[in-house]
Amino acid sequence: MVTSADELTQAVEQAKTSSLFINDSLDNLTKDVFDSAQRQATTIRLIQVLGVAAIFTYFLIFVFFFVRRLRETDAEALAARQETQEIMETVNTGLFLLDKDLNIGQQHSRALNNIIGSDSLAGENFTNVLRGRISDKDLKTTQQFIEQLYNPRVKEKLVDSLNPLNKVMLHNLSEDKSLDNRFLDFKFSRVYDNKDIARILVNVNDVSDAVYLEQRLEKERSQNDMQIEMLTTILNVNPKIINEFIGNTQAHIEKMNNILKNPGSSQYELEGKLKAIYREMHSLKGEASALKLHSFTKIASDAEDKLHALQNQGQLSGNDFLPLAVHLDDLLSLSNTIATLGERINRSAPTAAKSSTVQAPVATQSPVADHAASNADFDGGLDIDLDNEADDDLLSFYNEFTKEIASRQGKRVQLKSTTLTQTSIPAHLAKPIKEISIQLLRNAVVHGIESPSVRHATGKTDIGTIDLEVQDNGSNFMLVVQDDGQGINYDNIRNKLIQEGRFGTEEANQLSKGDLLKQLFSSGFSTKEHADEDGGRGVGLDIIKAKVKEYDGKLNVNSELGQMTRFVITLPKA
């Protein structure tokens, strides 16, 4: 006990006493708070354990179902992969994907190996696979084509119409020469990833059988058309003209064969060989064109293209002429076909002798009549030419020929002749006269007669006139062909000679009209800008010159610019 006399002391003592109570209260509070926190912590731990357990349980359930679904997906993917594999192994077409670099995807159909003819295609570059098996031009076009397929601004249908690998021939590069080249048909389709072009799906088929069948059908169709064409010609043309054509064709072919057999060593001999073949082929083509035998004309024109290329080649060799043998075989085959058709028609046509199966009753002749006939004088009188229609047919033949050429050239022509049907052509001159006439008539239509618009502008009638006359003065036979066309333009001849490099400008300007005409008749020279079926190769006048020279004849040309051109051919009869 402490005295409480001093108030301050009493306050201190009270504070100490209160502090002890407070400390005790704080201790109790702290203990209560700690106990409460411990209880809450225990509850939280319990909740966490329960949460973790729940999460783990959910995770286990999730993993269970995920694994189950994954197994189902794997099974479906495996089944789909198996089905895809079966499809890729079974399908008869070649299927593969192309990326932007033209690399083939890792997956492709098994048939692709057989179609393309390669065992390893996966990952290969498409251009490397095709290089050497298609032309370089087609290969370059294919690269550009696929680049356009990857261009989203280009419509797929539009590009598909430009597909360069549509029924393309794939050349055989294997050592097995028994394998034929194949025709493949490539189809390209875009593969999209959302809206982006991800890949190009390529579908390729071997269409060789279809193409060969189509070619065979086309060949048979062409043969049928050719036979119909020939049959029409045989039925509409005088048999004498047909027989002359067959004989002339065989003669031309035999002559060209003999020329080809001559090897020729020097360049001069080879050039002469080329000119001789060119003349024979052009003559044959002229007669075929006159008869509207377009099959003959087409083969002869193709041969002339090769001859023209050889003419511009410069250096010649004997092997350059070998391809012409194929054309000669084709022409001979066509000639034999015409002859066979003609024989069949003649055999099937009823004749007077065959149709007179019933003999007429023999009339009883009186002795007087019989005596008169036996004593009749058969001297004198005039023999009747039983073939007097031949010249009419020849004129008709020339007339149709000129109109056919004029139609192709966009011109109108009228052929006139007052002596052809009245003058007998010597037998040994019939062939050269006909060949020369064909060349002169073609020359008159192509080079002489102007187009209707030009004629109209110069005050002429729209229809050009060609006169063909023949004369027999006893010792010589003359052929005259004159047209009322534009005449010979000597300045054009001179300019063309300069243009082709045959003469220099100064040298060409010094050439006389006779010199220019001589050049006009030289082989390979023509004033026509572009060659076609009817002219422009510089062979027609060369044929005339050769024929006139062969028969020791004379050739005269007279022309007035803008008015006319006249050719006079004189051949001795003896």
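### Looking at the overall build of the protein chain
Moving on, step 1. Along its length, the protein chain carries 19 helices and 10 strands.
Moving on, step 2. Split into buried and exposed, the 574 residues of the protein chain put 35% on the buried side.
Moving on, step 3. Sequence-distant contacts, at least 24 apart, represent 63% of the contacts inside the protein chain between residues at least 6 apart.
Moving on, step 4. Accessible area of the protein chain: about 35200 Å², with a carbon and sulfur share of 53%.

### Some details on the packing of helix α8 (residues 267-290) against helix α19 (residues 540-550)
Moving on, step 1. Where α8 contacts α19, the two axes come as close as 9 Å, and the packing angle between them is 105 degrees. By the angle between their directions, the pair α8 and α19 is classed as roughly perpendicular. Contact with α8, carried on its side by R279, H282 and S283, involves G540, D542, I543 and A546 of α19 and no other residues of that element.

### A word on helix α9 (residues 294-311)
Moving on, step 1. Here α9 is 18 residues long and its end C-alpha atoms lie 25 Å apart, about the 26 Å a rise of 1.5 Å per residue gives.
Moving on, step 2. Every buried residue of α9 is accounted for by S295, F296, T297, I299, A300, S301, A303, E304, L307 and L310.

### Looking at the side chain of T570
Moving on, step 1. Mapped onto the fold, T570 is located in strand β10 (residues 564-572).
Moving on, step 2. Residue T570 is classed as buried on the basis of its relative accessible area, which comes to 16%.
Moving on, step 3. Among residues more than four places away in sequence, those in contact with T570 are N476, F477, M478, G553 and K554.

### Focus on the layout of surface pockets
Moving on, step 1. Taken as a whole, the largest pocket holds about 600 Å³ of empty space.
Moving on, step 2. If you go around the largest pocket, you meet 31 residues; those closest to its centre are N443, H447, L520, T527 and K528.
Moving on, step 3. Within the residue set of the lining of the largest pocket, elements represented by two or more residues are α14 (427-448), α16 (490-499), α19 and β10.
Moving on, step 4. Residue contributions to the lining of the largest pocket peak at six residues, all from α14.
Moving on, step 5. The residue makeup of the lining of the largest pocket, split by class, is nine nonpolar, 16 polar and six charged.

### Topic: the sheet that holds β10
Moving on, step 1. The strand order β6-β7-β8-β10-β9 describes an open sheet built from five strands, whose pairing is mixed. On the outer flanks of this sheet lie β6 (413-416) and β9 (554-560), each paired with one strand and no other. Each adjacent strand pair in this sheet contributes to an overall mean axis angle of 10 degrees, direction not counted.
Moving on, step 2. In terms of strand pairing, strand β7 (residues 464-472) meets strand β8 (residues 476-483) through seven bridges, oriented antiparallel. Its bridge partner lying in β8, L468 is registered against V481.
Moving on, step 3. Contacts from α19 reach β9 and β10 within the one sheet, and its direction differs from that of β10 by about 30 degrees.

### Things to note about the environment of V481
Moving on, step 1. Counting through the fold element by element, V481 comes out in strand β8.
Moving on, step 2. Beyond its immediate stretch of four places on either side in the chain, V481 contacts L440, L441, I466, D467, L468, T565, R566 and F567.

### Brief notes about the packing of α16 against helix α18 (residues 513-520)
Moving on, step 1. Put simply, α16 and α18 touch, their axes get as near as 10 Å, and they point 60 degrees apart. In the packing of α16 onto α18, the handedness of the crossing is left-handed. For the pair α16 and α18, the contacting residues are Y490, I493, R494 and L497 in the first and K513, L516, L517, Q519 and L520 in the second.
Moving on, step 2. Of the residues that constitute the contact of α16 with α18, the class distribution is six nonpolar, one polar and two charged.

### Structural notes on the packing of aromatic side chains
The relation between two aromatic rings is expressed through the spacing of the ring centres and the mutual angle of the planes.
Moving on, step 1. Under the defined criterion, the tally for this structure stands at nine aromatic pairs.
Moving on, step 2. The rings of F96, F126, F145, F186 and F188 are connected pair by pair, giving a single aromatic cluster.
Moving on, step 3. Sitting above the plane of the F321 ring, K273 keeps its charged end 4.6 Å from the centroid.
Moving on, step 4. Over the ring of F397 we find K434; its NZ or CZ atom is 4.9 Å from the centre of that ring.

### Points about the environment of I134
Moving on, step 1. Along the chain, I134 turns up in the loop between α3 (126-130) and α4 (136-149).
Moving on, step 2. For the pair I134 and V168, spaced 34 residues apart in the sequence, the C-alpha separation amounts to 7.7 Å.
Moving on, step 3. Not counting residues up to four positions away in its chain, the partners in contact with I134 are L139, T142, L165, V168, M169, L170 and H171.

### Points about the pairing of β6
Moving on, step 1. Of the two faces of β6, only one is covered, namely that formed by V413 and L415; the face formed by Q414 and K416 stays uncovered.
Moving on, step 2. Looking at chain direction, β6 and β7 are connected through four bridges and run parallel. Residue pairing in the sheet places Q414 in a bridge with T465 of β7.

### Notes on the nonpolar core
Moving on, step 1. Formed by 85 residues in total, the largest nonpolar core has its most connected members in F296, I338, Y398, I466 and L479.
Moving on, step 2. Setting aside its immediate chain neighbours within four residues, F296 contacts M230, F245, T249, L284, A288, L331, L334, S335 and I338.
Moving on, step 3. In terms of nonpolar packing, the next biggest core, distinct from the first, is built from 30 residues, L139, V154, L184 and F188 among them.

Reading the values: the criteria
- Think of each chain on its own: its residues are numbered from 1, step by step along the sequence as written.
- Only residues with pLDDT of at least 70 get local features here, since the model is predicted, and only at 80 or more are side-chain atom pairs given and counted; chain-wide, interface and lining totals rely on the full set of residues.
- To get the side-chain values, take all heavy atoms of the structure and skip hydrogens and water.
- Labels follow the DSSP assignment, with helices taken as runs of H or I lasting at least four residues and strands as runs of E lasting at least two, numbered in each case from the N terminus.
- Burial status follows relative accessibility: with a 1.4 Å probe on protein chains alone, a residue under 20% of its type maximum counts as buried, one over 50% as exposed, and anything between as partly exposed.
- Contact definition: two residues touch when any of their heavy atoms are within 4.5 Å.
- Here, Shrake-Rupley sampling with a 1.4 Å probe gives the accessible areas, and only protein chains in the shown set may cover a residue.
- Angles run from 0 to 180 degrees between N-to-C directions of axes, and those axes are lines fitted to C-alpha atoms, restricted for helices to the stretch in contact.
- Roughly parallel here means an angle under 35 degrees, roughly antiparallel means over 145, roughly perpendicular means 65 to 115, and every remaining angle is called oblique.
- Under the convention used throughout, the expected extent of a helix is 1.5 Å for every residue step, that is, one less than its residue count.
- Only protein atoms enter the 1 Å grid, on which a cavity is a set of points fitting a 1.4 Å probe that cannot get out and a pocket is an open set with protein on both sides within 12 Å along at least 5 of 7 lines, lining residues being those with an atom within 4 Å of a point.
- Grid points are joined across faces, edges and corners, and a volume is the space filled by probe spheres set on the points.
- When residue character is reported, Ala, Val, Leu, Ile, Met, Phe, Trp, Tyr, Cys and Pro are called nonpolar, Asp, Glu, Lys and Arg charged, and the others, Gly included, polar.
- Only strands that DSSP links by at least two bridges are regarded as paired with each other.
- Note: crossing handedness is left-handed where the near helix turns anticlockwise from the far helix by less than a right angle, and right-handed where it turns clockwise.
- In this analysis, rings of Phe, Tyr and Trp, with Trp reduced to its six-membered ring, are considered paired at centre separations within 6.5 Å, and the interplanar angle assigns stacked below 30 degrees, edge-to-face beyond 60, and tilted for intermediate values.
- Put simply, a charge is over a ring when the Lys NZ or the Arg CZ is close to the ring centre, within 6 Å, and near the line of the ring normal, within 35 degrees.
- Here, nonpolar core means buried Ala, Val, Leu, Ile, Met, Phe, Trp, Tyr and Cys residues that are tied together by side-chain atoms lying within 4.5 Å of each other.

Limitation: the analysis is restricted to geometry and does not speak to function.
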